[in-house]
Amino acid sequence: MIYSELNIPQVPKSLVCCDPNEVRQQYPNIWREVPTTVYTQHVVSDELTNFLKPYLGDDVVVRYQVIEKDIPIHCDYGRTSAINYLLYEGGDEVITRWYENDKTTQKYQMRIPKFKWHKINTSIYHGVHGINDKRLALTVSLYNDV
Ligand SMILES: [Fe+2]
């Protein structure tokens, strides 16, 4: 599996913030592995977590992620896949691409739609291209799943 869409309902607008700058101002950054200028993660409200529990389990941990600019080709640090929900694209033609181990040959690409829960493989090389504004999504990390 590289990309698949999930049968989880859209999040009511009252439960999320769709402005990456507001998220950064209102919720502390809890991700220290990479520089703040590249990528940040922020806690979400209890109401949003409770909304997702019936679909993703009582132990679900949901975060906002803000991507500042194009993400170079990488494998994620510490997670094998992620369930994401895009709130703000950060550009008109933002493409997520996956690559073979040579980091050059393209395997798959997707312009991920907004407001659609999906799962992506983060254990194979991938990058995000075409970002010209901050990109905002909800993310749930999975550690043992590809
Ligand atoms: Fe990634």
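Rules behind the numbers
Residues numbered from 1 in each chain as written. Predicted model: local features only at pLDDT ≥ 70, side-chain atom pairs only at ≥ 80, totals over all residues. Helix = DSSP H or I, 4+ residues; strand = E, 2+ residues; numbered from the N terminus. Buried ≥ 20, exposed ≤ 12 C-beta atoms within 10 Å, placed from the backbone. Pairing = 2+ DSSP bridges. Core = buried A, V, L, I, M, F, W, Y, C linked by C-beta atoms within 7 Å. Contact = placed C-beta atoms within 7 Å. Axes fitted to C-alpha atoms, helices over the stretch in contact; angles between N-to-C directions.

### What about unusual backbone geometry?
Keep in mind that most residues, glycine aside, have a negative phi and that most peptide bonds are trans. Residues other than glycine seldom take positive phi values, yet Lys103 does so here, at roughly 65 degrees. The residue Phe115 is not glycine, and still its phi comes out positive at about 60 degrees. Structurally, Phe115 can be placed in the loop between strand S7 (106-110) and strand S8 (118-121). We classify Phe115 as exposed; it has 12 C-beta atoms within 10 Å.

### With respect to the pairing of strand S9 (residues 126-129)
Along S9, the buried face is formed by His126 and Val128; none of Gly127 and His129, which line the opposite face, is buried. In this structure, strand S4 (residues 71-74) lies alongside S9, joined through two bridges in antiparallel fashion. From the neighbouring strand, His74 faces S9, where its bridge partner is His126. Bridge count for strand S6 (residues 95-99) against S9 is four bridges, and the pairing is antiparallel. Note that in S9 the partner of Ile95 across the bridge is His129.

### Focus: the nonpolar core
Val23, Tyr64, Tyr85, Leu87, Leu136, Ala137 and Leu138 are the most contacted members of the largest nonpolar core, which has 16 residues in total. Of all elements in the fold, only strand S3 (63-67), strand S5 (81-88) and strand S10 (135-142) reach the threshold of two or more residues within this core. Residue contributions to this core peak at four residues, all from S5. Filtering out sequence-adjacent residues up to four positions away, Leu87 remains in contact with Val16, Cys18, Lys114, Leu136, Ala137 and Leu138.

### As for the sheet that holds S4
As summarised here, the arrangement of the four strands in space is S4-S9-S6-S7, forming an open sheet in which the pairing is antiparallel. Of all strands in the sheet, those with a lone pairing partner are S4 and S7, marking the two edges. Each adjacent strand pair in this sheet contributes to an overall mean axis angle of 20 degrees, direction not counted. Relative to S7, S6 runs antiparallel, the two being bridged by four bridges. Residue pairing across strands places Arg97 opposite Gln109, the latter belonging to S7.

Keep in mind that these numbers describe shape and distance, not what the molecule does.
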